[in-house]
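# Coordinate inspection notes
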Amino acid sequence: MKVLVATEKPFAKVAVDGIREVVEKAGYELVLLEKYTSKQQLLDAVADAEAIIIRSDVVDAEVLDAAKKLRIVVRAGAGFDNIDLAAATAHNVVAMNTPGQNSNAVAELALGLMVFAVRNFYNGTSGTELKGKKLGIHAFGNVGRNVARVAQGFGMEVYAYDAYCPDEAMTAAKVTPVHSANELYQTCDIVSLHIPATAETKNSINYALLNQMPKGAILVNTARKEVINEAELIKLMQDRPDFKYVTDIMPAADADFRQFEGRYFATPKKMGAQTAEANINAGIAAANQIVDFIENGNTRFQVNK
Ligand code: 3PG
């Protein structure tokens, strides 16, 4: 039983050690493909793997075709938009994620980006504080809930919109529920995105929505670049010199966003989940889920059902 860890952006070593321990204890073999630079390397590595652990690595029909022995692929993380689920099902491959395991790391980074933005990117000028500001959490899943918890520590007033989450879950967390995206963006000084990239959400963060935000608005993106309508966000930032965009996912149009110096920041590589803790949590959960699936048929975290 060969388990491949294929990570273009590697886990911390301590997490790889933990994954190895789980895999070898089960009597399986661990193979590592880290920092690969071409798809061919991935295609070669998957050839004899029966299980694969990935991060944002793309597992499409071509990869699944090459992975002749594959039974399970686990995305060590939350978003699984990088796996072609229909192709996985067609190849009789179980696809899973590890929900919640890296959510605190992403939430801490979201707050870090907020502090960076309200303090004018640490340029020495007088900024503002987060305390007392209205924060809108767009989607109240695992990351959104952690963002709420940390933001409350800063003394922010927290609102959330999530069409799939009951109000009670928000009120139990002392978060004010709102019932439309428009209401969230009209109400909040800062909006933090925690929606997945789906057919429904792609390009949904657009001019009309963002332009409802009050003066001095800040948009924080630790979710996915695909949810932003980049052309419309650029137009909005041209029309509104008060608007700031801070993101952990470099936009496709990064070069065009650079005109907004002092109002736009993107991390060079997505680093929300780049902590030892998140890597350990998500990586070891992925390894355990593989063993539990192979040994006991447990499909609890399957996302291509
Ligand atoms: C996730 O969906 O779990 C996060 O976006 C983290 O992605 P990464 O594993 O590529 O850092």
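The paragraphs below set out a description of the structure included in this document. Remember, predicted model here, so these are calculated numbers, not experimental data.

Relative to the assigned elements, Asn298 resides in the segment after α12 (276-296). Between the C-alpha atom of Asn298 and that of Gly124, which follows or precedes it by 174 residues, the distance is 54 Å. With residues near it in sequence (within four places) discarded, Asn298 still touches Met96, Asp292 and Phe293. Within the local environment of Asn298, its side chain forms a polar contact with the side chain of Asp292, the two groups lying 2.7 Å apart.

What follows covers helix α1 (residues 13-25). Taking 1.5 Å of rise per residue, 13 residues should cover 18 Å, and α1 covers 18 Å from first to last C-alpha, within 8% of that figure. Buried within α1 are the following residues: Ala15, Val16, Gly18, Ile19, Val22 and Val23. Seen end-on, α1 carries its buried residues on one side only, within an arc spanning 160°. Looking at α1, the residues exposed on the side facing more than 90 degrees away from the buried face are Lys13, Glu21 and Lys25. Structurally, α1 contributes buried residues whose contacts are with β1 (2-7), β2 (29-34), β3 (51-54) and α12. Looking one or two places after α1, you find Gly27, whose phi comes out positive at around 85°.

Relative to the assigned elements, Asn82 resides in the loop between β4 (72-75) and α4 (85-90). Judged by relative accessible area, which is 10%, Asn82 ranks as buried. With 28 residues separating them along the chain, Asn82 and Ile54 place their C-alpha atoms 9.5 Å apart.

Okay, the site of the ligand next. Taken together, Lys9, Arg55, Ser56, Arg75, Gly77, Ala78, Gly79, Asn102, Arg224, Lys270 and Ala273 form the complete shell of residues around the ligand. Between Ser56 and the ligand, the recorded distance is 2.5 Å, taken from a side-chain N or O atom to an oxygen atom. Here the ligand has 320 Å² of accessible area as a free molecule, and 95% of this is covered by the chains. Across the shell around the ligand, the residue classes break down as 2 nonpolar, 4 polar and 5 charged.

What follows concerns the packing of aromatic side chains. Under the defined criterion, the tally for this structure stands at 8 aromatic pairs. Each ring, one from Phe116 and one from Phe265, has its centre 4.9 Å from the other, and the planes form 75°; the classification is edge-to-face. Here the residue Phe116 occupies a position in helix α5 (residues 103-118), and Phe265 occupies one in strand β12 (residues 264-266), the gap between them amounting to 149 residues. The exposure class of Phe116 is buried, given its relative accessible area of 16%.

Residues Tyr185, Ile205, Leu219 and Leu233 are the most contacted members of the largest nonpolar core, which totals 32 residues. Among the secondary structure elements, those contributing two or more residues to this core are β7 (157-161), α8 (181-187), β9 (190-193), α9 (207-210), α10 (230-239) and β12. Among the elements that line this core, the one with the most residues is α10, at 4 residues. Look past the residues within four positions of Leu219 in its chain and what remains in contact with it is Val191, Leu193, Ile205, Leu210, Ile228, Leu233, Phe243, Lys244, Tyr245 and Val246. Listed in part, the 31 residues of the second largest apolar core include Ala117, Val118, Ala148 and Val220.

Attention now moves to the pairing of β3. Residues Ala51 and Ile53 of β3 are buried on one face, and the alternating residues Ile52 and Ile54, pointing to the opposite face, are buried as well. Bridge analysis of β1 against β3 gives 4 bridges, and the strand direction is parallel. In the strand pairing of β3, Ala6 is matched with Ile54. One ladder, built from 4 bridges, connects β3 with β4; its direction is parallel. Within β4, the residue paired with Ile52 across the bridge is Val73. Crossover handedness for the path β3 to helix α3 (residues 61-66) to β4: right-handed.

Here the structure, examined in full by the defined rule, presents 10 salt bridges. Between Lys2 and Asp48 there is a salt bridge, and its shortest N-O distance comes to 2.9 Å. Of this pair, Lys2 sits in strand β1 while Asp48 sits in the loop between α2 (39-46) and β3; the two residues are 46 residues apart in sequence, bridging distant segments of the chain. Given a relative accessible area of 22%, Lys2 falls into the partly exposed group. Between Glu24 and Arg20 there is a salt bridge whose closest N-O contact spans 3.5 Å. On the criterion of helical spacing, the pair formed by Glu24 and Arg20 is a turn pair, its members being 4 residues apart in helix α1.

Reading guide: rules and limits
- Residues numbered from 1 in each chain as written.
- Predicted model: local features only at pLDDT ≥ 70, side-chain atom pairs only at ≥ 80, totals over all residues.
- Heavy atoms only, no water.
- Helix = DSSP H or I, 4+ residues; strand = E, 2+ residues; numbered from the N terminus.
- Contact = heavy atoms within 4.5 Å.
- Polar contact = N/O pair within 3.5 Å; in protein donor to acceptor, adjacent residues only side chain to side chain.
- Expected span 1.5 Å × (residues − 1).
- Buried < 20%, exposed > 50% of the residue type's maximum accessible area, 1.4 Å probe, protein only.
- Arc of directions from axis to C-beta.
- Near = heavy atom within 4 Å.
- Areas by Shrake-Rupley, 256 points an atom, 1.4 Å probe, with all protein chains shown as cover.
- Nonpolar A, V, L, I, M, F, W, Y, C, P; charged D, E, K, R; others polar.
- Phe/Tyr/Trp six-rings, centres within 6.5 Å; stacked < 30°, edge-to-face > 60°.
- Core = buried A, V, L, I, M, F, W, Y, C linked by side-chain atoms within 4.5 Å.
- Pairing = 2+ DSSP bridges.
- Right-handed = clockwise from strand over helix to strand, strands pointing away.
- Salt bridge = Lys/Arg side-chain N within 4 Å of Asp/Glu carboxyl O.

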